[in-house]
Amino acid sequence: MEKDFPLVLLSKPVSTDVTVDKSIRVFPNQKPWMTTQVCKLLKARDAAFRSGDRALYRAARADLRKGVKKAKLDHRRIIEAHLSSNNTREVWKGIHDITNYRGCQVTADHLSAALAEELNNYFARFEAPNQQNSAAPPPPSIPSCSTPPSSPSPVMPLTVTEDDVRKALLAVNPRKAAGPDGVPGKVLRACAPQIAPILTEIFNLSLAQAVIPSCLKSATIIPVPKKSPISTLNDYRPVALTPVIMKCFERLVLRHINDHLPPDLDPHQFAYRTNRSTEDAIALALHTALSHLEEQQSYVRMLFVDYSSAFNTIIPDILIRKLDTIGLPPLTCAWIKDFLTDRPQAVRLGPHLSPTRTLSTGSPQGCVLSPLLYCLYTYDCSPQYDSNLIVKFADDTTVVGLISKGDEAAYREEVLKLAAWCSDNNLALNTKKTKEIIVDFRRHSTDPAPLYINGERVERVHTFRFLGVVLSNNISWTENITEVIKKAQQRLHFLRVLRKHNLDPSLLTTFYRTSIESLLTYCITVWYGSCTMADRERLQRVVKAAQRIIGSPLPSLSDIYSSRCLGRAGKIIKDSSHPGSGLFDLLPSGRRYRCIRSRTNRLKNSFFPKAITILNSHMHGH
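Residues numbered from 1 in each chain as written. Predicted model: local features only at pLDDT ≥ 70, side-chain atom pairs only at ≥ 80, totals over all residues. Heavy atoms only, no water.

Looking at the nonpolar core
Working step 1: Core analysis: the biggest nonpolar cluster contains 80 residues, and Trp477, Leu495, Leu520 and Phe584 have the highest contact counts within it.
Working step 2: Here Phe584 is in contact with Ala569, Ile572, Ile573, Tyr593, Phe608, Ala611, Ile612 and Leu615, once residues within four sequence places are set aside.
Working step 3: Judged by nonpolar contacts, the second largest core, of 72 residues, contains Leu188, Ile318, Ala334 and Leu376. (Core = buried A, V, L, I, M, F, W, Y, C linked by side-chain atoms within 4.5 Å. Buried < 20%, exposed > 50% of the residue type's maximum accessible area, 1.4 Å probe, protein only. Contact = heavy atoms within 4.5 Å.)

Structural notes on the pairing of strand β14 (residues 469-472)
Looking down a regular strand, the side chains alternate between one sheet face and the other.
Working step 1: Because side chains alternate across β14, one face comprises the buried residues Val469 and Leu471, and the other comprises Val470 and Ser472, equally buried.
Working step 2: As defined by bridge partners, strand β13 (residues 463-466) adjoins β14 across four bridges and the pair is classed as antiparallel. Bridge pairing links Thr463 to Ser472 in β14. (Helix = DSSP H or I, 4+ residues; strand = E, 2+ residues; numbered from the N terminus. Pairing = 2+ DSSP bridges.)

Regarding the confidence of the model for the chain
Detailed reading of the predicted coordinates is not advisable wherever pLDDT falls low.
Working step 1: Predicted confidence across the chain gives a mean pLDDT of 86, with 88% of residues reaching 70 or more.
Working step 2: Taken as a whole, residues 1-16 scores under 50 in pLDDT and shows twelve contacts with residues more than four places along the chain or in a different chain. (pLDDT = per-residue confidence, 0-100.)

Quick word on the sheet that holds strand β9 (residues 435-439)
Working step 1: Taken together, the five strands give an open sheet; going across it, the order is β7-β8-β3-β9-β12, and neighbouring strands pair in mixed fashion. The outermost strands of the open sheet, each flanked by one partner alone, are β7 (388-393) and β12 (459-460).
Working step 2: With respect to the sheet, helix α12 (residues 278-292) is in contact with β3 (298-305), β7 and β8 (396-404), its orientation differing from that of β8 by roughly 10°. (Axes fitted to C-alpha atoms, helices over the stretch in contact; angles between N-to-C directions.)

Structural notes on the environment of Ser382
Working step 1: Within the secondary structure, Ser382 sits in the loop between α15 (370-377) and β7.
Working step 2: For Ser382, a relative accessible area of 37% puts it in the partly exposed group.
Working step 3: Ser382 sits 17 residues away from Val399 along the chain, and the two C-alpha atoms are 9.8 Å apart.
Working step 4: Beyond its immediate sequence surroundings of up to four residues, Ser382 is in contact with Ile390 and Glu414.

A closer look at the pairing of β8
Working step 1: Counted residue by residue, β8 has seven buried out of nine residues, so it is predominantly covered.
Working step 2: In the sheet, β3 pairs with β8 via eight bridges, with the strands oriented antiparallel. Bridging from a neighbouring strand, Met302 pairs with Val400 of β8.
Working step 3: For β7 and β8, the ladder comprises six bridges, and the chain directions are antiparallel. Within the sheet, the bridge partner assigned to Leu389 lies in β8 and is Val400.
Working step 4: What sits between the antiparallel neighbours β7 and β8 is a turn of two residues, in which Ala394 has the positive phi angle 60°.

Overview of the side chain of Asn430
Working step 1: As for its placement among the helices and strands, Asn430 is situated in the loop between α16 (409-424) and β9.
Working step 2: Assessed through its relative accessible area of 18%, Asn430 is described here as buried.
Working step 3: Side-chain polar atoms of Asn430 contact the backbone nitrogen of Lys432, separated by 3.3 Å.
Working step 4: Those residues in contact with Asn430, other than ones at most four positions away along the chain, are Asp306, Tyr307 and Ser308. (Polar contact = N/O pair within 3.5 Å; in protein donor to acceptor, adjacent residues only side chain to side chain.)

Focus on the packing of helix α13 (residues 316-326) against helix α14 (residues 330-340)
Two packed helices can be described by the angle between their axes and the distance between those axes.
Working step 1: Two elements in contact, α13 and α14, have axes separated by 10 Å at closest approach and are oriented at 160°. On the basis of the axis angle, α13 is roughly antiparallel to α14. For the pair α13 and α14, the sense of crossing is right-handed. Residue-level inspection shows Pro316, Asp317, Leu319, Ile320, Leu323 and Asp324 of α13 in contact with α14, the latter providing Cys333, Ile336, Lys337 and Leu340.
Working step 2: Across the contact of α13 with α14, the residue classes tally to seven nonpolar, no polar and three charged. (Parallel < 35°, antiparallel > 145°, perpendicular 65-115°, else oblique. Left-handed = near helix turned anticlockwise from the far one by under 90°. Nonpolar A, V, L, I, M, F, W, Y, C, P; charged D, E, K, R; others polar.)

Brief notes about a positive patch on the surface
Working step 1: Positive charge collects at one region of the surface, where Arg54, Arg58, Arg61 and Arg65 lie side by side.
Working step 2: Note that Arg61 resides in helix α4 (residues 54-84).
Working step 3: Take Arg61: its relative accessible area is 30%, and that puts it in the partly exposed class. (Patch = residues over 30% accessible without salt bridge, like charges linked within 9 Å, V, L, I, M, F, W, Y side chains within 5 Å. Areas by Shrake-Rupley, 256 points an atom, 1.4 Å probe, with all protein chains shown as cover. Salt bridge = Lys/Arg side-chain N within 4 Å of Asp/Glu carboxyl O. Lys, Arg positive; Asp, Glu negative; His and termini not counted. Charge placed at Lys NZ, Arg CZ, Asp CG, Glu CD.)

Okay, structure coming up:
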């Protein structure tokens with residue numbers, strides 16, 4: 001009981017004892033520059049209008065215009081002051097107010113307690129019956145603290161220091177929402193020196209016994225709409241709000257797990273890892289495909305696999321067996337199993353809270369450990385044949401089949417083995433959302449036979465959004481560039497609105513770099529080298545339009561492309577565990593890298609050959 005006392009003390013509401021409740025009437029379209037002075041001038045104008053005195057009305061209207069102009073000027077200065085003090089949160093809030101931007105909002109008319117309970121049952125639909133009452137294996141015996149062990153124990157529990165806990169508490173984001181316990185992050189951050197010793201004792205006791213208190217495992221699920229309008233329950237994404245204390249605990253355990261993982265584990269998983277990105281995943285998949293297409297009588301089949309709620313299908317028993325194979329300590333495996341089993345969860349939908357359900361399948365989306373546990377759960381999903389490549393970015397899985405002389409046996413067998421692996425690991429492969437692209441440049445080619453998974457035919461498409469980039473079956477980037485330009489032109493409107501309000505050019509440049517340039521340059525190293533001159537001119541016209549609006553020079557996309565390629569190549573070369581590091585082969589002279597031989601411009605203009613060319617020219621220039 002004494003262990004739980006600090007948590008109870010923190011969760012006691014104290015705001016009502018030191019603050020006064022006050023009601024303020026606001027309107028959804030009220031602008032921040034509508035100050036008290038502007039409201040008084042507005043009332044004076046209305047009173048002058050009702051009086052019928054034209055001279056008085058004209059004077060009041062002029063005063064109102066001057067007051068609004070002054071209020072807008074003051075608001076602009078406040079935003080610029082936030083920018084100079086690096087308070088980006090307030091800067092973006094002010095920009096949203098000026099541009100009248102409103103994000104995707106869901107009306108609360110249809111929200112009800114019945115819908116909350118229905119969503120809770122839907123999110124728990126992958127619960128395995130045999131997991132409900134499965135007890136975690138007893139943790140390895142720990143020597144008693146009262147009597148010294150006669151010999152060193154081979155299994156020692158993970159321990160955390162008070163300094164580690166204090167640093168984890170001080171790193172808490174105070175603006176993050178509190179979990180089911182109601183303890184906000186700003187309280188934990190402010191009281192870190194006082195509560196760190198108590199939490200250190202609680203955390204070490206949990207690690208030694210491989211048991212987590214139920215209150216720390218509880219989660220409140222917030223259904224976040226994937227799109228608008230909402231038509232089915234699947235249009236909601238279950239995001240878990242867990243106790244902030246547990247998030248700090250998970251970060252400490254995460255560091256411990258990463259220390260025990262081999263550096264070459266699952267090299268083709270590009271998510272949640274240092275020096276990996278969607279750019280690397282796309283570049284490697286395309287380089288493998290384009291290199292194979294250099295051969296005669298060859299083509300490539302790319303299968304984009306879709307899983308249904310992948311994080312919610314993790315079976316703890318299967319995960320623990322894999323963690324034991326990797327080499328994690330048994331006590332850590334037992335702690336992770338307890339972390340995933342008997343988790344209370346309830347769905348909050350507006351003011352409605354569903355009844356609590358206890359789950360022992362899956363890992364909550366929003367937990368610190370969930371991404372890593374899913375990657376470890378799927379690390380053994382690897383190709384069985386050398387002619388195939390499986391590229392993963394979290395739960396986005398792509399099978400690249402390299403077909404030579406029409407022999408698809410290895411590719412089809414790989415897909416069958418993948419479907420069987422999904423069944424064995426409780427992953428729901430969604431065939432309806434799984435798509436396939438065939439890249440074939442042969443002059444006399446015939447349509448290959450369709451692909452079937454679990455008796456359902458896989459749809460064959462000409463274009464597919466691959467990790468945020470539109471990929472076409474002819475490796476043309478026109479569709480991707482057209483979509484990028486369309487979004488960028490929409491954001492130019494907001495840049496013009498900000499310019500109309502006479503914002504400082506430095507703030508306009510910041511808005512351009514974060515909202516427009518980031519869109520134009522997403523994965524630019526993958527596609528810019530292969531796009532046509534006409535597409536490059538279309539992209540550059542957007543940059544020139546933004547340059548005219550801001551009134552100051554902006555970097556060209558070609559310069560950004562060269563610098564990004566150079567920087568990315570340097571990071572890959574330094575990381576020997578990166579799957580693309582072997583493509584950078586330094587010549588015996590030590591002054592240049594060996595160029596990748598290419599027969600077609602498709603391969604020559606792709607990322608790795610272009611990066612080597614730019615890197616060699618940079619080395620020669622220095």
